[in-house]
Amino acid sequence: MAYKYFPHTEDDLRAMLDKTGIASLDDLYAEVPESIRFRGDYKIPSEMSELEVRDLFGKLGSQNKQLTCFAGFGVYDHYTPSAIPNLLSRSEFLTSYTPYQAEISQGTLHYIFEYQSMMTELTGMDISNASMYDGTTATAEAMMMAVAAGKKANKILISDTLNPQTRSVLENYALHQGITLDAIEVCDGVTSAESLRQKLAEGGVAGVIVQQPNVYGIVEDYTGFADACHDSKALLIMNSVAADLAVLKTPGEWGADIAVGDGQSLGIPMQFGGPYVGYLCCTEKLIRKMPGRIVGMTRDNRGQRAFVLTLQAREQHIRRQKATSNICSNQSLMALFVTIYMSLMGKQGLKEAAELSYAGAHYLCDRLLETGRFSLAYPDRPFFNEFFVKYDGDTDALYQRFIDNGILGGVKHEDGLLIAVTEKRTKEEIDNLVKIAAL
């Protein structure tokens, strides 16, 4: 056979090629320019022992440059307790899929139920689904929930203090859903309440999306936002970093109808952008508009506690035209990850990690301001563990100097730097950053 691990015979391949009207498998790539096609041999030894393979990949891995991370912008370098990867790598978790048969899926259903319970407590909402792919797509699903609940209203207002990456995903979803997006203006780094009222007064608004803390790291005061939305028959959707809700006022306390965001901050490593897990929680009256699955607890015919799929709004379970979403295998493994994290940390642990992040960020900000080279873009606004500063000099050169000294010194945004601190950053690391910045 031409391909050692393919199940197709030469006759199978010939039949498929004849059906498609091409002469060879190489013709499938005819549109790829010859100038970018690799024709040489891969530098891979024909055979190696296990020890040699481990050594090879160890050497390859050592070529990666490990940087001390002060970057955030939606993804944060939080500590992962060592128990999590050990529990997560158990075969019954790594190989689990959709729990179609409740009688043989009690373990999976149980941890999803616990995840839902923890997320509702963290967000202050009534209901949580069984998790989403990530925070950006969770926000997009919330947008479509609002439009579905708004009947004839199809406009979504988005605060300009929302992370632009999230906004980009919203634009992609809205493009083919007949949804109109409109921006709420920014005033001194926060969402303009006056702009919100003016946009709502124009009518046709199904939902309003805000972020807490916002893209500048500022903790916004959303007093009156929920009332303004509800008076106009619109839903308030709040996007938050999950870990921050251990100490901040919850979306439920703000009067939000839907709470969404990324759960990556609950101990999931940054790992080059994924996999992460999105959360979506809402009020009870919106449960029928919620995408995905909801696990509930009941009793079996012997009176024993059992877990079942209470709501299954996926097209695999119901008619496609009635489905609210097509979320398949989901990020259930990552939902288990954050469930174990929250269980290990407990309420006090989550709070302490958040407080350490807050204290570290404010210490670093004060030290940078003392150099005389930095200024807070919005000095009168409170921030949590991330802040936006302007640099009196060449920001690109400063950023490269950080990298040359083994530091990922924030994220370049607009004309400044967004710098984040988590509980992992030590005083020595913070002082080192300040020293390099002052050069």
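Here the structure is shown first, and the text comes after it.
Residues numbered from 1 in each chain as written. Predicted model: local features only at pLDDT ≥ 70, side-chain atom pairs only at ≥ 80, totals over all residues. Heavy atoms only, no water.

**Re the overall build of the protein chain**
Scanning the protein chain for helices and strands turns up 13 helices and 17 strands. The C-alpha extent of the protein chain, read off along each of the three principal axes, is 70 × 65 × 50 Å. The buried share of the protein chain, reckoned over its 439 residues, is 46%. Considering only residue pairs separated by 6 or more positions, the protein chain has 69% of its internal contacts joining residues 24 or more positions apart. (Helix = DSSP H or I, 4+ residues; strand = E, 2+ residues; numbered from the N terminus. Buried < 20%, exposed > 50% of the residue type's maximum accessible area, 1.4 Å probe, protein only. Contact = heavy atoms within 4.5 Å.)

**Brief notes about the packing of helix α11 (residues 332-370) against helix α13 (residues 427-437)**
At their nearest, the axes of α11 and α13 sit 10 Å apart, and the two run at 25 degrees to each other. Judged by the angle between their axes, α11 and α13 are roughly parallel. As for the relative orientation of α11 and α13, their crossing is right-handed in sense. Touching Gly360, Tyr363, Leu364, Arg367 and Leu368 of α11 are Lys427, Ile430, Asp431, Leu433, Val434 and Ala437, all from α13. Considered class by class, the residues forming the contact of α11 with α13 number seven nonpolar, one polar and three charged. (Axes fitted to C-alpha atoms, helices over the stretch in contact; angles between N-to-C directions. Parallel < 35°, antiparallel > 145°, perpendicular 65-115°, else oblique. Left-handed = near helix turned anticlockwise from the far one by under 90°. Nonpolar A, V, L, I, M, F, W, Y, C, P; charged D, E, K, R; others polar.)

**Let's talk about the sheet that holds strand β16 (residues 411-413)**
Across the sheet, which stays open at both edges, the four strands sit in the order β13-β14-β17-β16 with antiparallel pairing between neighbours. Each of the sheet's edge strands pairs with one partner strand only, and the pair in question is β13 (374-376) and β16. Put simply, the sheet's adjacent strands are angled 40 degrees from each other on average, direction ignored. Note that β16 and strand β17 (residues 416-420) share three bridges and pair antiparallel. Note that in β17 the partner of Val411 across the bridge is Leu418. (Pairing = 2+ DSSP bridges.)

**Examining unusual backbone geometry**
The amide bond that connects Gln212 to the next residue, Pro213, takes the cis arrangement and shows omega of -15 degrees. Summarising the element assignment, Pro213 is placed in the loop between β7 (205-212) and α9 (225-231). Put simply, Gly274 and Pro275 share a cis peptide bond, and its omega is 5 degrees. Checked against the element boundaries, Pro275 lands in the loop between β9 (258-262) and β10 (278-282). Residues other than glycine seldom take positive phi values, yet Phe73 does so here, at roughly 60 degrees. Given a relative accessible area of 13%, Phe73 falls into the buried group. The phi dihedral of Lys151 falls on the positive side, at around 60 degrees, and the residue is not glycine.

**Observations regarding the pattern of salt bridges**
Per the stated rule, a full pass over the model turns up 19 salt bridges. Where Arg54 meets Glu50, a salt bridge forms, and the shortest distance between an N and an O atom there is 3.2 Å. In this pair, Arg54 and Glu50 are both assigned in helix α2 (residues 50-61), four residues apart and thus about one turn of the helix distant. The class for Glu50 is exposed, based on a relative accessible area of 57%. (Salt bridge = Lys/Arg side-chain N within 4 Å of Asp/Glu carboxyl O.)

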